[in-house]
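Descriptive analysis of the structure
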Protein chains: 2
Amino acid sequence: MAHDIETLKSRLAGITLEENPAIVRQKSRDFFWYSPTLKRQLEDVSADIIAFAASEADVVRILSECFALGIPVTPRGAGTGNYGQAMPLAGGVVLDLSRLDKVLEIGPGRVRVQAGAIIADIDDSCAPTGQELRLHPSTYRTASIGGFIAGGSGGVGSITWGGLRDLGNIIRLRIVTMEASPRILDLTGEEVARVAHAYGTNGIIIEVEMPLAPAHDWIETMIGFDDFGEAGAYANALGEQDAILKKLISVVAAPIPQNYFLRHRKYLPQGKHVVLVMVAAIARDAFAAFTARYTGQTLFRSDLISSDEAKGLPPLYELSWNHTTLRALRVDPTITYLQVLYPFPNQLDLVARIHAALGNEVPAHLEFVRFDGKITCFGLPLIRFTTEERLDEIVAIHEAMGAPIFNPHRYTLEEGGMKQTDAAQLAFKREADPAGLLNPGKMIAWEQPDFDFDTGRTYLFPGLQGTI
Amino acid sequence: MAHDIETLKSRLAGITLEENPAIVRQKSRDFFWYSPTLKRQLEDVSADIIAFAASEADVVRILSECFALGIPVTPRGAGTGNYGQAMPLAGGVVLDLSRLDKVLEIGPGRVRVQAGAIIADIDDSCAPTGQELRLHPSTYRTASIGGFIAGGSGGVGSITWGGLRDLGNIIRLRIVTMEASPRILDLTGEEVARVAHAYGTNGIIIEVEMPLAPAHDWIETMIGFDDFGEAGAYANALGEQDAILKKLISVVAAPIPQNYFLRHRKYLPQGKHVVLVMVAAIARDAFAAFTARYTGQTLFRSDLISSDEAKGLPPLYELSWNHTTLRALRVDPTITYLQVLYPFPNQLDLVARIHAALGNEVPAHLEFVRFDGKITCFGLPLIRFTTEERLDEIVAIHEAMGAPIFNPHRYTLEEGGMKQTDAAQLAFKREADPAGLLNPGKMIAWEQPDFDFDTGRTYLFPGLQGTI
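Residues numbered from 1 in each chain as written. Chains lettered and ligands numbered in written order. Predicted model: local features only at pLDDT ≥ 70, side-chain atom pairs only at ≥ 80, totals over all residues. Heavy atoms only, no water.

**Considerations on the relation of the copies chain B and chain A**
We count it as follows: All copies are superposed by least squares; the fitting set is the C-alpha atoms of residues with a pLDDT of at least 70 in both.
When chain B is fitted to chain A, the residual RMSD is 0.0 Å, and the transformation amounts to a turn of 180° plus an axial shift of 0.0 Å. Both copies are brought into coincidence by an operation consistent with a two-fold rotation axis. Among all residues of chain B, the minimum C-alpha distance to the rotation axis is found for Lys 374 of chain B, at 2.8 Å.

**Points about the interface of chain B and chain A**
Counted only if it meets this: Any pair of residues with heavy atoms lying within 4.5 Å of one another is described as a contacting pair. Here the buried area means the combined drop in accessible surface, using a 1.4 Å probe, for two parts upon being joined, counting both sides. We define a salt bridge as a contact between a side-chain nitrogen of Lys or Arg and a carboxyl oxygen of Asp or Glu at a distance within 4 Å. The definition of a polar contact used here is a pair of N or O atoms within 3.5 Å, where within protein one atom must be able to donate a hydrogen and the other to accept one, and adjacent residues in sequence count solely through side-chain atom pairs.
The partner chain A presents 38 residues to the 38 residues of chain B that form the contact. Where chain B abuts chain A, roughly 3000 Å² becomes buried across the two surfaces, and 54% of that area is made up of carbon and sulfur atoms. By the criterion of area lost to chain A, the three top residues of chain B are Leu 167, Asp 242 and Ile 282 of chain B, representing 23% of everything that side buries. At the boundary of chain B with chain A, the tally comes to four salt bridges. Between Glu 240 of chain A and Lys 374 of chain B there is a salt bridge, with the nearest N and O atoms lying 2.9 Å from each other. Our count for the chain B to chain A interface comes out at 12 residue pairs in polar contact (both at pLDDT 80 or more).

**Focus on the packing of helix α9 (residues 228-239) of chain A against helix α14 (residues 347-358) of chain A**
Residue and element names in this part refer to chain A. Here is the rule: The angle between two axes is taken between their N-to-C directions and runs from 0 to 180 degrees, where each axis is a line fitted to C-alpha atoms and a helix contributes only its stretch in contact. In this text, helices come from DSSP runs of H or I with a minimum length of four residues, and strands from runs of E with a minimum of two, each type numbered from the N-terminal end. Orientation is classified from the angle alone, with under 35 degrees giving roughly parallel, over 145 giving roughly antiparallel, 65 to 115 giving roughly perpendicular, and any other angle giving oblique. It is the rotation of the near helix from the far one that decides the hand of a crossing: anticlockwise by less than a right angle makes it left-handed, clockwise makes it right-handed. Asp, Glu, Lys and Arg are counted as charged, while Ala, Val, Leu, Ile, Met, Phe, Trp, Tyr, Cys and Pro are counted as nonpolar; the rest, among them Gly, fall into the polar class.
Two elements in contact, α9 and α14, have axes separated by 10 Å at closest approach and are oriented at 155°. It follows from the interaxial angle that α9 and α14 lie roughly antiparallel. For the element pair α9 and α14, the recorded crossing hand is right-handed. Listed contacts from α14 to Phe 228, Gly 232, Ala 233 and Asn 236 of α9 are Gln 347, Leu 348 and Val 351. A breakdown of the residues in the contact of α9 with α14 according to their chemical character gives four nonpolar, three polar and no charged.

**A short note on the packing of α14 of chain A against helix α15 (residues 388-401) of chain A**
All names here are of chain A. Direction vectors running N to C along α14 and α15 enclose 145°, while the axes themselves pass 10 Å from each other. Crossing handedness for the pair α14 and α15: right-handed. Here Leu 350, Arg 353, Ile 354, Ala 357 and Leu 358 of α14 come into contact with α15, specifically with Arg 390, Ile 394, Ile 397, His 398 and Met 401. In terms of residue class, the contact of α14 with α15 is made up of seven nonpolar, one polar and two charged.

**Focus: helix α11 (residues 284-291) of chain A**
What counts here: Each residue is placed in one exposure class: buried if its accessible area under a 1.4 Å probe, protein chains only, is under 20% of its type's maximum, exposed if it is over 50%, and partly exposed if it falls in between.
Buried within α11 of chain A we find Ala 286, Phe 287, Ala 289, Phe 290 and Thr 291 of chain A. Against the buried residues of α11 of chain A lie β11 (218-225), α9 and β13 (273-280) of chain A.

**Focus on the environment of Ile 219 of chain B**
Residues and elements named next belong to chain B. Here Ile 219 is to be found in strand β11 (residues 218-225). Spatially, the C-alpha atoms of Ile 219 and Met 278 are 5.5 Å apart, while their sequence positions differ by 59 residues. Apart from residues no more than four positions distant in its own chain, Ile 219 is found in contact with Val 277, Met 278, Val 279, Ala 281, Arg 284, Arg 301, Ser 302 and Asp 303.

**Here's the deal with the pairing of β11 of chain A**
Regular strands have side chains that alternate between both faces of the sheet. Residues and elements named next belong to chain A. Cut-off, in case you're wondering: DSSP bridges decide pairing: two strands pair if at least two such bridges lie between them.
Along β11, eight of the eight residues are buried, which leaves the element largely enclosed by surrounding structure. By the alternation rule, side chains of β11 split into Trp 218, Glu 220, Met 222 and Gly 224 and Ile 219, Thr 221, Ile 223 and Phe 225, which are all buried. Relative to β13, β11 is paired through eight bridges, and the arrangement is antiparallel. Bridge pairing links Gly 224 to Val 274 in β13. Across four bridges, β11 lies against strand β14 (residues 297-301) in antiparallel orientation. By the bridge assignment, Thr 221 is partnered in β14 with Arg 301.

**Some details on the sheet that holds strand β3 (residues 73-76) of chain B**
Residue and element names in this part refer to chain B. In space, the four strands of this open sheet follow the order β1-β2-β4-β3, with mixed pairing throughout. If you trace the sheet from one side to the other, it starts and ends with β1 (16-18) and β3, each paired once. Along the sheet, successive strands turn relative to each other by an average axial angle of 25°, direction set aside. Relative to strand β2 (residues 49-52), β1 runs antiparallel, the two sharing three bridges. Paired with Leu 17 across the strands is Ala 51, a residue of β2. Contacts from helix α4 (residues 56-69) reach β2, β3 and β4 (93-96), with the element oriented near 170° to β4.

**Some remarks on the packing of aromatic side chains**
Any aromatic ring pair is given by two values, namely how distant the centres are and how the planes are angled relative to each other. Just so we agree on the cut-off: Two aromatic rings, drawn from Phe, Tyr or Trp (for Trp, its six-membered ring), form a pair once their centres lie within 6.5 Å of each other, and the interplanar angle then sorts them: stacked below 30 degrees, edge-to-face above 60, tilted otherwise. Put simply, a charge is over a ring when the Lys NZ or the Arg CZ is close to the ring centre, within 6 Å, and near the line of the ring normal, within 35 degrees.
Scanning the model with the defined rule gives 29 aromatic pairs over all chains in all. Where Phe 451 of chain A meets Tyr 459 of chain A, the ring centres are 5.6 Å apart and the plane angle is 85°; that geometry is what we call edge-to-face. What makes Tyr 459 of chain A buried here is its relative accessible area of 2%. With 5.2 Å between their ring centres and 45° between their planes, Phe 225 of chain B and Tyr 234 of chain B make a pair best called tilted. In this structure, Phe 225 of chain B and Tyr 234 of chain B share a single accessibility class: buried. Three or more aromatic residues link up through ring pairs in this structure, and these residues are Phe 31, Trp 33, Tyr 34 and Tyr 337 of chain A. The side chain of Arg 99 of chain A reaches across the aromatic face of Phe 52 of chain A, ending 4.4 Å from its centre. For the cation-ring pair, Arg 165 of chain A lies above Phe 371 of chain A, with the distance from its terminal atom to the ring centre recorded as 4.3 Å.

**Brief notes about the pattern of salt bridges**
For the structure shown, the criterion picks out 72 salt bridges over all chains. Residue Glu 309 of chain A is joined to Lys 266 of chain A by a salt bridge in which the shortest nitrogen-to-oxygen separation is 3.6 Å. Note that Glu 309 of chain A is positioned in helix α12 (residues 307-311) and Lys 266 of chain A in the loop between α10 (256-260) and β13, a separation of 43 residues in sequence. Accessibility expressed as a relative area gives 29% for Glu 309 of chain A, which makes it partly exposed. Among the ionic pairs, Glu 318 of chain B bridges to Arg 327 of chain B, the shortest N-O distance being 3.9 Å. Relative accessible area serves as the criterion here: at 10%, Arg 327 of chain B is assigned to the buried category.

**What to know about the sheet that holds strand β14 (residues 297-301) of chain B**
Residue and element names in this part refer to chain B. Reading across the sheet, the seven strands line up as β14-β11-β13-β12-β17-β18-β16 and stay open at both edges, with antiparallel pairing between neighbours. One side of each edge strand has no neighbouring strand; the edge strands of this open sheet are β14 and β16 (340-342). Between one strand and the next, the sheet's axes are offset by a mean angle of 25°, whatever the strand orientation. Note: β16 against strand β18 (residues 374-379), three bridges, orientation antiparallel. Each bridged residue has a counterpart across the sheet, and for Leu 341 the counterpart in β18 is Phe 378. Packing against the sheet, helix α9 (residues 228-239) makes contact with β11, β12 (246-252), β13 (273-280), β17 (365-371) and β18, and its axis sits at approximately 165° to β12.

As structure tokens, then:
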């Protein structure tokens, strides 16, 4: 569908717009290319124009004019998503929120910021108060807080605080609706779930209030194990140490670390399965005592190397979560990945059985988290990609064995999530985006209410550019 | 055995001593009288003399002279224990550490204090840094930190941080040994467990370093339920909310609150089972949203009453843990209590079955905690006391149904704990108290290594004053 961009431009005088096709294309993309499936499907997706909002008033004006002209709007933070969250499947406007980047207020235990603020910058602003955000993705230094909330789920910090979905990890979201006269709403408590992790399909997040945790001096360490099962058991038990404050516990099977963690390579003997840990300096002795109960060998400790030696190394969290995948991809472009939940209490057994079944085709990578009050792990296993059919088979094998997949090779909310309608998100979309102009094609429940998730068939948005 | 107190006095010139029998008796007692059994056994226990240490050097000197004269030494903080921990079964010296009360150093995430400092005073000192201790007993305003570590196990804060036994909840203990030339040792990591919860039987704790948590503005609230099982389910699920920061979740069955929480009575309708919660103000909306999912009714919220109204009320934590027992005892002196662990994952079922079996004789009181990484609950049920035999039966019923008892009617470490030798504590006593002069009679493994815990027979210290 052709959108009336010329009229829109005339009505948005004073707002920064960008039509240079190379820039428009670049700002229409995220890290969807981690997935060969999404790479094939979304390669040609592009907006017609990028609009840069520098204020709440700009957002209201852009949404109002787009509503009047029936032009779709897809919000964008820093574009660090992996599932095409911020990619405008139906063209139209990409609403770039990166200029809404102010830290508005810092108090004890909370911070109020504009949605486009970069997560690391927020922490820098909070540092003088001795506080930092509870949770961040491995794209800490590039991702926006609004994008993390709209398209992410958790990450570094989830071993202590659970996920963004948990009541209390987001205090308040301020959003703008997509209507003739856009409303500004503040959502708290149960209402937060209406728009969190909704990819901007039912409101534009412009401001957020987040809880803060103490900004500890975090020691980065790597513990090496000869046996992968023992590495997992250690990581799980460390997660269950209630008084040892930690921010990250990842398990990466050999030879992932040796082959892909290039700048840490000298610390990584062949064959060692590696547990990455970020632990508070106040727990140094407790952590050492706990670790000494296991056979693991300390390969790396950030507090024991010189600042010169440290200079060449990325932060440990940039070896974890989806940065593990990124490091592998950089070395071997045929690698892709999955997102797996190994449910408590059988997580370690399930990990063992699934990886025994799949072998070298699926190198193991676990991220330990608190989930519904218990310690368990997610997996972001690497996949040596062959075909999309085989990828789907690997997904099916996981699910048949009892490990739900959050499929990163799908661009819809439902297929990337729980494979079911989120009633709260859908109901709120009816209120906040009655014309269905926000980020079209991402919410199946809106686009095709009778879609049957049980067939195993992939949803394909009929309006997807390049496929029509 | 008569101790040579006269010689000791001559050698301790310059150190404050107290021989007034009324004061000596008062300083030889704790809250052992919560237990009718201990009340009978320990009523006549008294030291010969009290020595007040005002410095590390005083402690060294007192221990050295007592060692030379073979006089037993029992350390005392504020005497708020409940099992006779600080009661000198063999007479001799009570070493009062209450004058060692200085806060020495406060840093990010940690505080270093002398052992006799009162817990609430430590928090007051830390308050300007926005920090507070992770854990405290319900005797927050009167207990010393050293006494809490030597004789306690957890309490308020354990819902987030687990117990004192967990690696990381005590950073360092500085102790003095009982030898001709007492040594001063700093214990960290695994070594902490040698003297923590050892009742001062194997070293005198003189200084401690503890982790600090953010000092949140804690909202106190009471949620009332018509059904006790539902109250427990709510409390358990609230405990499992990883992102809602809380400090206390207690469940108190009707009619305990109505009969014994006298100053809160007007908030407590007849028949309501009450969940006491301390929740961080930053989680206010999240907590309200979570609570709205349940049938419970908010009976009390500290942030919604006037400061005038608040003035007459004790802090909520003084209705919880062993203060629940205390409030009941003040109204009905025939009440006593137990200490029960309901192990994960069957805690709620076990609570239901045990209380169904015991009925009104044992009114239910649960304290939810993190324990080995999971949420579960301890019980401090009230007991309508009849005889010691029946009390033992009630203990046996709990254990037979799968709920271990930490028996508060026993004055030994083992019988009040895991009913087995703590090898680390025993080994360290051989090193640090070779003559067995520290708090005699409390460690069975030392006094009678062949004692058989499986007979069900109670250990009776042969040197117990008043029984010989």
